[in-house]
Amino acid sequence: MNLSRRGFLGFTAALVPIHQAATWEAPDGEGLAHGEAIGRRSRREAGGTLYLGTYGDGVGIATYDAEGKITRTGTIAGIPNPSFVIRDGNFLYAVNEQDPGAVTAIDISGTPRVLNRQPNHGSGPCHLAKVGDYLLSANYGSGDVAVHPIAADGSLEQQTDLVRHDGPEPHAHQVVRVGDYVLAVDLGTDTIYTYTLAAGRLTLQHQTKVRTGAGPRHLVFHPSGKYAYVADELDSTVTICGYDNGVLTVLDTVPTGAGENYPGEVVISADGRFVYVTNRGDNSVSIFRTNEAGLELLGSPSCGGDWPRHAAFDPTGGLLFVANQKSNNITTFSVDQTAGTLTQTGDFSTPTPVCVNV
């Protein structure tokens, strides 16, 4: 798969200069209450805060209410192509999906400000994971995983490791922590790599090959920790794997629906009963019932937009947010946590949404 298939908007040759602080842009006539819209806060029934990854300049910020209605509250500008964003307490970390790539640290304890940006010596970083006191980034373009220490003030220190995946066209697409291990999913090599991380260095422990040409993109674990479900972008399937002590074993593969669907994201309900996969071919969300080692397709309702890239539950599990990249909107679904069904309840317009951090 080439870079154009990912829809790299603004994939440029150089990063914009970093500013000491981010530029804060609030909507016309609107202020931002720090206690309501900035930083991690305790979950309330009234809703919460969303941080929106995009292609372009800046991380979007919005709030949502108990019904999932989204309201824009501002933008943290000066951050190029933050296509994936994670939150850790009073800090955000964003990729800069460019060539050369970089990662950015943002303080959100008050008025948002960029702490610093570090090059990650790869291209097209598209996913992040915090592992202890380190930030790991997966580089799609160069097919490698970078490691940056996180300082006590939340800023990023210089890179300590960069591990490239073997193969003619590696495309690292996801990096996740699983207990004592780090798993990296590579679409180009059809392989999931298991590493340990010590003193800022990654050491390869195991490799699991899925079906050739599947194009594994993202995976999610069952709450039992015994099974993982891998969304395969290129052959429109989900690969079911057993898991034990860092080793994945392929058990089965099921289609996400009819035709080519280019799965984007896979998420699982907190109780492990239902798995949801976004499909960018027919613009749907596939709903599967699990029996841990198997998946039963229950239905594939419309995503409410075009090219559903990312999806995320709110902390209650009663809401699912879907980022529709090409139609420039985020749809909200009410989740029936007994039956697993989805009912669209909201539609929020925003430029090029590709990540929703709740």
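As a reminder, the structure under discussion sits directly above these lines.
Here goes a summary of the coordinates provided. Because the structure is a prediction, the values reported are computed rather than measured.

Before going further, it helps to spend a moment on the packing of aromatic side chains. Applying the stated criterion across every chain, the model contains five aromatic pairs. Relative to Y195, the ring of Y193 has its centre 6.4 Å away and its plane inclined at 20°; by these criteria the two rings are stacked. Y195 carries the same exposure label as Y193, and that label is buried. With a centroid separation of 5.9 Å and 45° between ring planes, the pair formed by Y262 and W307 is classed as tilted. You can see Y262 sitting in the loop between strand 20 (247-255) and strand 21 (263-268) and its partner W307 sitting in the loop between strand 24 (295-299) and strand 25 (308-313), a full 45 residues away along the chain. Both residues of the pair, Y262 and W307, belong to the buried class.

If the charged atoms of two oppositely charged side chains come close together, the side chains can form a pair. Tallied over the full model, the rule gives seven salt bridges. Across the pair D161 and R201 runs a salt bridge, and its minimum N-O distance is 3.5 Å. Taken together, the positions of D161 in strand 12 (residues 161-164) and R201 in strand 16 (residues 201-209) put the pair 40 residues apart, joining distant regions of the chain. When its relative accessible area of 7% is taken as the criterion, D161 is described as buried. Exposure remark for R201: the relative accessible area of 47% places this residue in the partly exposed category. Measuring nitrogen to oxygen at the nearest pair gives 3.4 Å for the salt bridge that ties E233 to R280. One end of the pair, E233, is in the loop between strand 18 (227-232) and strand 19 (237-244); the other, R280, is in the loop between strand 22 (274-279) and strand 23 (284-290), with 47 residues separating them in the sequence. Pair check on accessibility: E233 and R280 agree, each one buried. A cluster of three or more residues bridged by salt bridges with shared partners is formed by R217, E233 and R280.

Conventions used here
Residues numbered from 1 in each chain as written. Predicted model: local features only at pLDDT ≥ 70, side-chain atom pairs only at ≥ 80, totals over all residues. Heavy atoms only, no water. Phe/Tyr/Trp six-rings, centres within 6.5 Å; stacked < 30°, edge-to-face > 60°. Buried < 20%, exposed > 50% of the residue type's maximum accessible area, 1.4 Å probe, protein only. Helix = DSSP H or I, 4+ residues; strand = E, 2+ residues; numbered from the N terminus. Salt bridge = Lys/Arg side-chain N within 4 Å of Asp/Glu carboxyl O.

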